[in-house]
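For reference, the chains in residue letters:
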Amino acid sequence: MEESIKINQQYRLVVENTSDIVSVHAFNLKSTYLYASPSIKIIKGYEPEELIGKSPFEFIHPEDKKKLRLLLKKYLGNFARKLFTGEEPYYVTERIEYRFKNKEGNWRYLQSTGNLVGNKLIFISRDITELRQAEIELKKSYKKLQKTMDASIDTVSKIIEAKDSYTSGHQHKVCQLAVRIAREMKLPQDKIEGIRVASLIHDIGKIGLSTEILSKPTKLNDIEFSLIKAHSQIGYDILKSVEFPWPVAEIVLQHHERVNGSGYPRGLKGDEILIEAKVIAVADVVEAMSSHRPYRPALGIDAALEEISKNKGILYDPEVVDACLKLFKEKKFKF
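What you see is a predicted model; the values in this text were computed from it and never measured.

Caption draft 1: Broad picture of empty space enclosed by the protein. Under the counting rule described, the total for this entry stands at three cavities of 30 Å³ or more. The volume enclosed by the largest cavity comes to roughly 110 Å³. Taken together, 13 residues line the largest cavity, and the ones lying closest to its centre are His25, Pro56, Tyr98, Ser112 and Phe123. Contributing elements (two or more residues each) for the lining of the largest cavity: β1 (21–26), β3 (94–101) and β5 (120–127).

In structure tokens:
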């Protein structure tokens with residue numbers, strides 16, 4: 001041990017046998033090594049003597065050097081407190097993570113807890129490379145799973161629209177508007193993602209309906225309309241066993257519910273309806289009215305906006321309607 005560093009003998013055995021690195025640094029801009037415990041060879045590949053007098057900045061990844069500089073700045077402020085006020089410096093314990101190039105030239109992830117003791121910096125460092133690599137692999141797996149799920153949802157959406165060719169693109173357009181409404185309302189990202197997924201397959205229940213009804217060029221009779229209304233329940237039955245991270249099945253079930261209880265299939269009212277379903281309900285109506293249908297020509301976006309304005313607070317959630325109107329009238333949204 002260097003003469004300038006005095007460690008109480010009773011702690012020496014602990015310091016020199018711990019698996020973590022205990023290092024002592026000069027309190028200067030380079031934070032040069034004054035002492036390093038033997039475990040530094042296992043983690044960094046260097047003998048303790050090889051690092052004495054060197055700066056850790058020589059080994060830290062360029063992108064991570066700022067973290068250590070900010071830490072030193074904080075310690076400097078603490079030390080200056082004693083010089084200018086005469087008060088004892090308070091302990092500033094900080095934990096930072098950074099990449100350190102070992103002797104073999106490989107980057108290792110380290111987590112260090114440091115403190116200023118007197119006029120020396122003491123760090124206890126731990127190798128967390130395996131943990132960070134596991135996190136990186138987990139993120140890669142999640143992204144891969146996300147892509148697979150998105151591709152599956154997109155495929156299902158296309159299957160639905162292939163059956164009902166007159167509403168081709170409807171679900172994607174509803175998704176486009178619903179997500180923008182949700183963002184305008186500043187809903188949490190988790191809810192926005194649930195809206196995105198549910199809106200892409202909100203009409204999945206139509207897969208259980210006959211093509212003749214879906215493409216009928218004249219007004220539906222009561223029996224046919226009751227069959228159409230069943231698509232929300234059919235969609236729920238199809239999706240309820242799928243373990244989405246969001247309540248997709250319930251959103252699909254509720255997307256034709258109305259805030260005054262006049263919707264279907266359960267006649268829910270107000271707060272009984274999920275906000276995600278309320279958003280999709282408005283986007284669904286606006287897209288449907290502004291587009292061509294086999295039984296009528298397109299009514300246009302103005303008629304669609306008039307519909308939601310007129311029934312704001314009656315059929316449709318006021319906050320959702322306001323956000324939708326703002327998108328079209330102020331932010332010039334277009335499908």
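Caption draft 2: Broad picture of the pattern of salt bridges. Taken as a whole, this structure holds 22 salt bridges when the rule is applied. Ionic pairing is found between Glu63 and Arg99, a salt bridge with its closest N-O pair at 3.0 Å. Here Arg99 lies in strand β3 and Glu63 lies in the loop between α3 (48–51) and α4 (65–85), a separation of 36 residues in the sequence. The class for Glu63 is exposed, based on a relative accessible area of 59%. One salt bridge connects Asp317 with Lys278, and the closest N-O pair in it is separated by 3.5 Å. Of the two residues, Asp317 sits in the loop between α13 (301–310) and α14 (318–329) while Lys278 sits in helix α12 (residues 275–290), which places them 39 residues apart along the sequence. The class of Asp317 is buried, set by a relative accessible area of 13%. Three or more residues are tied together by salt bridges with common partners; here these are Glu63, Asp64 and Arg99.

Caption draft 3: Looking closely at helix α6 (residues 170–184). The terminal C-alpha atoms of α6, which comprises 15 residues, lie 21 Å apart, in line with the 21 Å expected from a rise of 1.5 Å per residue. Within α6, the full set of buried residues consists of His170, Gln171, Val174, Cys175, Leu177, Ala178, Val179, Ile181, Ala182 and Glu184. Against the buried residues of α6 lie α5 (129–163), α7 (189–200), α12 and α14. Of the residues trailing α6, Lys186 is marked for its positive phi of about 60°.

Caption draft 4: Spotlight on the environment of Arg126. With respect to the element layout, Arg126 can be found in strand β5. Taking relative accessible area as the criterion, Arg126 reaches 46% and is therefore assigned partly exposed. As for Arg126 and Ile204, which are separated by 78 residues in sequence, their C-alpha atoms are 51 Å apart. Beyond its immediate chain neighbours, meaning those up to four positions away, Arg126 contacts Asp20, Tyr109, Leu110 and Gln111. Polar side-chain contacts of Arg126 include one of 2.8 Å to the side chain of Asp20.

How each quantity is defined
Within each chain, residue numbers correspond to sequence positions counted from 1 in written order. Note on the predicted model: pLDDT of at least 70 is required for a residue's local features to be given, and 80 or more for side-chain atom pairs to be given and counted; whole-chain, interface and lining totals, by contrast, use all residues. Side-chain descriptors were evaluated using all non-hydrogen atoms of the structure, hydrogens and water having been removed beforehand. Only protein atoms enter the 1 Å grid used here, on which a cavity is any set of points holding a 1.4 Å probe that cannot leave and a pocket is any open set flanked by protein within 12 Å on both sides along at least five of seven lines; residues with an atom within 4 Å of a point are listed as lining. Grid points are joined across faces, edges and corners, and a volume is the space filled by probe spheres set on the points. Numbering of helices and strands runs from the N terminus; a helix is a DSSP stretch of H or I covering at least four residues, while a strand is a stretch of E covering at least two. Salt bridges are defined by distance alone: a side-chain nitrogen of Lys or Arg within 4 Å of a carboxyl oxygen of Asp or Glu. Only protein chains enter the accessibility calculation, which uses a 1.4 Å probe; a residue is then buried when its area is under 20% of its type maximum, exposed when over 50%, and partly exposed in between. The length a helix should cover is 1.5 Å for every residue beyond the first. Note on contacts: a residue pair is in contact if any heavy atoms of the two residues lie within 4.5 Å. For the purposes of these results, a polar contact is taken to be a pair of N or O atoms within 3.5 Å, where, inside protein, one atom must be able to donate a hydrogen and its partner to accept one; residues adjacent in sequence count only when each atom of the pair is a side-chain atom.

Note that all results are geometric; they support no functional claim without further evidence.
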